[in-house]
Amino acid sequence: SQKVGEIFEPLLDQASDLDALDTLSGQVTALRSDPDWSAHPEVFESILRKIDTKVSGVKTESLRSELDVFTSTLEAVSSADQALKLEAQFSQLLKARQSIVIADAALRRGIDSKIAELEKQKEKKISEFEDELVKSLETRFDDVRSLIEEAGTLGELEALTANPKVVDFEITIAQIKDRPT
């Protein structure tokens, strides 16, 4: 069991990106399933836990960088089209956050708080361009109507759901919120 630690601890210390950590995890898993090395499964589990912890750290740092980039992107938005792109970018941030186990409660709260703050800023930024979005929706509606009128079969209508103009139209509609009167 000490030999396993001697083999993998230096490799774990050197691994600094997700690819290297994934490769190392595969090597540990392969060695663990080798009958000659299976006498001490707890050693392998310990190393795999350390790898998982390091993976979480790498992903967390990457997420923090992505949050900084999104903050800069938010500040630079100057058109309705740019505002529309915020939703997709924010969805990617949420997806990244959901894929990470952050053991440190304070760090987790800080990141989740930052994400909540960015979501509010994103919504505010999108609402700033709502009138422009409504105007662009009218143009996009005409484009989609033409596509629908040109479709000759049910299959062609169904295929429109993947058309970039139709997708763009749907994204624009989703961003327009009802305002209280």
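Only a predicted model underlies this, so the values are computations on that prediction, with no experimental measurement involved.

**Some details on the pattern of salt bridges**
Close approach of charged atoms allows side chains of opposite charge to pair.
Right, on to step 1. Taken as a whole, this structure holds 10 salt bridges when the rule is applied.
Right, on to step 2. In this structure, aspartate 112 engages arginine 97 in a salt bridge whose closest nitrogen and oxygen atoms are separated by 2.7 Å. One end of the pair, aspartate 112, is in helix H5 (residues 105–128); the other, arginine 97, is in helix H4 (residues 80–98), and 15 residues separate them in sequence.
Right, on to step 3. By relative accessible area, aspartate 112 is classed as partly exposed at 33%.
Right, on to step 4. We note a salt bridge from aspartate 168 to arginine 140, for which the minimum N-O separation is 2.7 Å. One end of the pair, aspartate 168, is in helix H8 (residues 164–175); the other, arginine 140, is in helix H6 (residues 130–150), and 28 residues separate them in sequence.

**Examining the packing of aromatic side chains**
Right, on to step 1. Under the definition given, this model contains two aromatic pairs.
Right, on to step 2. Geometrically, the ring pair formed by phenylalanine 70 and phenylalanine 90 is tilted, given 5.8 Å between the ring centres and 50° between the ring planes. Here phenylalanine 70, found in helix H3 (residues 41–76), pairs with phenylalanine 90, found in helix H4; they are 20 residues apart in sequence, far enough to count as distant.
Right, on to step 3. Considering the side-chain rings of phenylalanine 141 and phenylalanine 169, the 6.0 Å spacing of their centres and the 40° angle between planes classify their relative orientation as tilted. Note that phenylalanine 141 is positioned in helix H6 and phenylalanine 169 in helix H8, a separation of 28 residues in sequence.
Right, on to step 4. Here phenylalanine 141 falls in the partly exposed class, since its relative accessible area comes to 43%.

**Examining H5**
Right, on to step 1. Look at H5: 35 Å from first C-alpha to last across 24 residues, which is about the 34 Å you get at 1.5 Å a residue.
Right, on to step 2. By the burial criterion, the buried members of H5 are Ile111, Ile115, Leu118, Lys122, Lys125 and Ile126.
Right, on to step 3. Along its buried surface, H5 packs onto H3, H4, H6 and H8.
Right, on to step 4. For H5, the N-terminal cap is aspartate 104; the gap from its side-chain oxygen to the backbone nitrogen of alanine 106 is 3.0 Å.

What counts, and where the lines are drawn
- Residues numbered from 1 in each chain as written.
- Predicted model: local features only at pLDDT ≥ 70, side-chain atom pairs only at ≥ 80, totals over all residues.
- Heavy atoms only, no water.
- Salt bridge = Lys/Arg side-chain N within 4 Å of Asp/Glu carboxyl O.
- Helix = DSSP H or I, 4+ residues; strand = E, 2+ residues; numbered from the N terminus.
- Buried < 20%, exposed > 50% of the residue type's maximum accessible area, 1.4 Å probe, protein only.
- Phe/Tyr/Trp six-rings, centres within 6.5 Å; stacked < 30°, edge-to-face > 60°.
- Expected span 1.5 Å × (residues − 1).
- Contact = heavy atoms within 4.5 Å.
- Polar contact = N/O pair within 3.5 Å; in protein donor to acceptor, adjacent residues only side chain to side chain.

Take it as geometry only, folks, not as evidence of what the structure does.
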